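Residues per chain are reported as follows:
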Amino acid sequence: NTVLFANRVEKTYGNGTRALDEVRLRIQRGDFVSLLGPSGCGKSTLLKMYAGLEAPSHGHLRWLGTDTPAKSGLKIAMVFQEATLMPWANIATNVRLPLDLAGVPRAEADARVERALEPVGLGAFGKAYPRELSGGMQMRASIARALVTEPDVLLMDEPFGALDEFTRNKLDADLRALWAARNQQLTVVFVTHSIYESVYLSSRVVMMAARPGRIVADVAIPEPVRDE
Ligand code: ADP
Ligand code: ADP
């Protein structure tokens, strides 16, 4: 039940920077994987490859055994470090965007947006505009927009890095609950450089080191650690 697979992946950017070397990582359905490591160790590069946004220089990636995300039929959603909301549209319209792009009928889309805003605590804010919300609420809206399509894979690139510690801890707890509610159906890959966050959130911590980026440890996190 391998959802994402990277085999002997190497990445050298156009300017000669070696970002990844001999990376081999198999991610199973329902895993919550944290990619943990110092700045520049290739975490974002690896995440972008799983999203299909970067190609390896050597080696290969597989999505459910196929060679492109499209062929796999996997629904993949990505959340970036900054909330990337359209400032001229209200929260409901922002969250509805992926459904509009997929041609989901308006009434069904509106119902799904409502169901997506509720669990991230924005049920009452559909009509608000991004500038009226705090940074944490804007991140929640970005997460709702990623989840509204009911993705199989959620890729998150340091989504809470810009937030204060209190807000970040709260969002970590909420994200874990959202993942648990999907009951082994949602696969998450979460980039962070916080050891605390990775251990608290994940079912598995993959540690990377830099120059060139490579995997140095791959550790399963037992339930009791997280549910104390
Ligand atoms: P490629 O040439 O592999 O397609 P890009 O088009 O993404 O790479 O980037 C073009 C150039 O921009 C790179 O060769 C590099 O000099 C610079 N660049 C972009 N992002 C970064 C980064 N995060 N760190 C260092 N240099 C970067
Ligand atoms: P991390 O997410 O762990 O901070 P990145 O994947 O962003 O690491 O970057 C890995 C290495 O590749 C770094 O040395 C970075 O400067 C370099 N890099 C990232 N993107 C580009 C790019 N587009 N062009 C050139 N170098 C890049």
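The model shown is predicted, which means the values in this text are computed figures rather than measured ones. (Residues numbered from 1 in each chain as written. Chains lettered and ligands numbered in written order. Predicted model: local features only at pLDDT ≥ 70, side-chain atom pairs only at ≥ 80, totals over all residues. Heavy atoms only, no water.)

Peer 1: Mind showing me how you'd approach the side chain of D157 here?
Peer 2: With respect to the helices, strands and loops of the structure, D157 is situated in strand β6 (residues 153-157). Discounting residues that sit within four places of it in the chain, D157 has contacts with S44, L47, V79, F80, Q81 and V191. (Helix = DSSP H or I, 4+ residues; strand = E, 2+ residues; numbered from the N terminus. Contact = heavy atoms within 4.5 Å.)

Peer 1: What exactly am I supposed to notice about the nonpolar core here?
Peer 2: When a protein is soluble and globular, its nonpolar side chains tend to lie buried together. By size, the foremost hydrophobic cluster in this structure holds 35 residues, and its most contacted members are V95, L154, M156, F160, L175, V188 and F190. Elements that contribute at least two residues to this core include exactly β5 (76-79), α3 (91-101), α4 (106-117), α5 (135-147), β6, α6 (165-181) and β7 (187-192). The element best represented in this core is α5, accounting for six residues. In contact with V95, not counting residues within four places along its chain, are V113, A116, L117, A141, A144, R145 and V148. (Core = buried A, V, L, I, M, F, W, Y, C linked by side-chain atoms within 4.5 Å. Buried < 20%, exposed > 50% of the residue type's maximum accessible area, 1.4 Å probe, protein only.)

Peer 1: Please explain the sheet that holds strand β4 (residues 58-63) as it appears in this structure.
Peer 2: Each strand in a sheet pairs with another by means of backbone hydrogen bonds, the pair being arranged parallel or else antiparallel. Reading across from one edge, β2-β1-β4 is the order of the three strands in this open sheet, with antiparallel pairing throughout. For this open sheet the edge positions go to β2 (18-28) and β4, each flanked by a neighbour on one side alone. For this sheet the average axis-to-axis angle between neighbouring strands, irrespective of direction, equals 15°. (Pairing = 2+ DSSP bridges. Axes fitted to C-alpha atoms, helices over the stretch in contact; angles between N-to-C directions.)

Peer 1: Would you explain the site of ligand 1 in this entry?
Peer 2: In the region of ligand 1, the neighbouring residues are Y13, G14 and N15. Measuring from an oxygen atom of ligand 1, one finds a backbone N or O atom of G14 at 2.9 Å. Interatomic distance of 3.3 Å between a side-chain N/O atom of N15 and an oxygen atom of ligand 1. Relative to its unbound accessible area of 550 Å², ligand 1 is 24% covered by the protein chains. (Near = heavy atom within 4 Å. Polar contact = N/O pair within 3.5 Å; in protein donor to acceptor, adjacent residues only side chain to side chain. Areas by Shrake-Rupley, 256 points an atom, 1.4 Å probe, with all protein chains shown as cover.)

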